[in-house]
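Examination of the molecular architecture
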Amino acid sequence: AFRADQWTYVARKSCVSARGRENGMPSTRFLALSGILAPLFYLIATGLTVWFRPEYSLVSDSVSQLANLDEPFAILFILVGAVPVGLLAVLFTYAVWTVLPDSTAMLAGIVLLAHEGFGIIFAFGVFPRSGPSPGIMHIGAGIYAIACGVAARLLLARPLQQLGRF
């Protein structure tokens, strides 16, 4: 059976080196930029949607209400905010993977980080809220994304600490 470090070695050699382009993959720096762009997309989409919906309260209303298909400008939040944030989170996962030392915690953390991005896409892009209350699939995908994100950060803390830059 392969260990985690063997799997990541094989995967890295078949995809891309940590220095940049091979086999048509974008450079690590470009993919790392997606980690900076994701929150900016979220802030811009939230700001625009809230600007068009003055009745929305950032304090007392949930983010799911911004993506409620029964409300105006929900598509704006979904297409400019939620789905790009999920896609950028998945791209950022690859950038993190190329710089971390091989370990089981790193591999599990990377998989969970990617699942966080996919969970965001599913919660807002595939199962958006519709009607006065969110559906079970929307809630489930949202909880899944949050849980994966928290677990990924906990698992990646040690490999990031081993880099010596954090």
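Please refer to the structure higher up on the page.
Everything in this summary refers to the structure shown in the same document. (Residues numbered from 1 in each chain as written. Predicted model: local features only at pLDDT ≥ 70, side-chain atom pairs only at ≥ 80, totals over all residues. Heavy atoms only, no water.)

In this section: the overall build of the protein chain. A tally of helices and strands in the protein chain yields 5 helices and 0 strands. Secondary structure elements in the protein chain, listed N-terminal to C-terminal, are α-α-α-α-α. Taking all 166 residues of the protein chain together, the buried fraction comes to 36%. For the protein chain, the proportion of contacts with a sequence separation of at least 24, taken over those separated by at least 6, is 66%. For the protein chain, the computed accessible surface area is about 9,600 Å², with 70% contributed by carbon and sulfur atoms. (Helix = DSSP H or I, 4+ residues; strand = E, 2+ residues; numbered from the N terminus. Buried < 20%, exposed > 50% of the residue type's maximum accessible area, 1.4 Å probe, protein only. Contact = heavy atoms within 4.5 Å. Areas by Shrake-Rupley, 256 points an atom, 1.4 Å probe, with all protein chains shown as cover.)

Okay, the packing of helix H4 (residues 104-126) against helix H5 (residues 136-162) next. Closest axis-to-axis distance for the H4/H5 pair is 7 Å, and the angle between their directions is 155°. Relative to H5, the element H4 is oriented roughly antiparallel. Between H4 and H5 the crossing geometry is left-handed. Split by residue class, the contact of H4 with H5 holds 19 nonpolar, 6 polar and 2 charged. (Axes fitted to C-alpha atoms, helices over the stretch in contact; angles between N-to-C directions. Parallel < 35°, antiparallel > 145°, perpendicular 65-115°, else oblique. Left-handed = near helix turned anticlockwise from the far one by under 90°. Nonpolar A, V, L, I, M, F, W, Y, C, P; charged D, E, K, R; others polar.)

Formed by 17 residues in total, the largest nonpolar core has its most connected members in Leu66, Ala67, Phe77, Ile120 and Phe124. When contributions to this core are tallied by element, the ones reaching two or more residues are helix H2 (28-52), helix H3 (74-99), H4 and H5. Looking at this core, the element that brings in the most residues is H3, giving 6 residues. Residues in contact with Leu66, not counting those within four places in the same chain, are Thr46, Thr49, Val50, Arg53, Tyr56, Phe73, Ala74 and Phe77. The next biggest cluster of nonpolar side chains, apart from the first, holds 11 residues, and it includes Tyr94, Leu100, Met106 and Ala152. (Core = buried A, V, L, I, M, F, W, Y, C linked by side-chain atoms within 4.5 Å.)

Across its 26 residues, H3 extends 37 Å between first and last C-alpha, which sits within 8% of the 38 Å expected from 1.5 Å per residue. Along its length, H3 reaches its greatest deviation from straightness, about 30°, at Pro84. (Expected span 1.5 Å × (residues − 1). Bend = angle between axes of the 7 residues up to and from the residue.)

In this structure, Phe73 takes a positive phi of about 70° despite not being glycine. Inspection of the secondary structure assignment puts Phe73 in the loop between H2 and H3.

What follows is about the packing of aromatic side chains. Enumeration over the complete set of coordinates arrives at 6 aromatic pairs. For the ring pair Trp51 and Phe52, a centre distance of 5.1 Å and an interplane angle of 50° mean the geometry is tilted. When the centroid spacing of 6.2 Å and the interplanar angle of 35° are considered together, the rings of Phe122 and Phe127 count as tilted. In this structure Phe122 comes out as partly exposed when scored by relative accessible area, which is 40%. (Phe/Tyr/Trp six-rings, centres within 6.5 Å; stacked < 30°, edge-to-face > 60°.)

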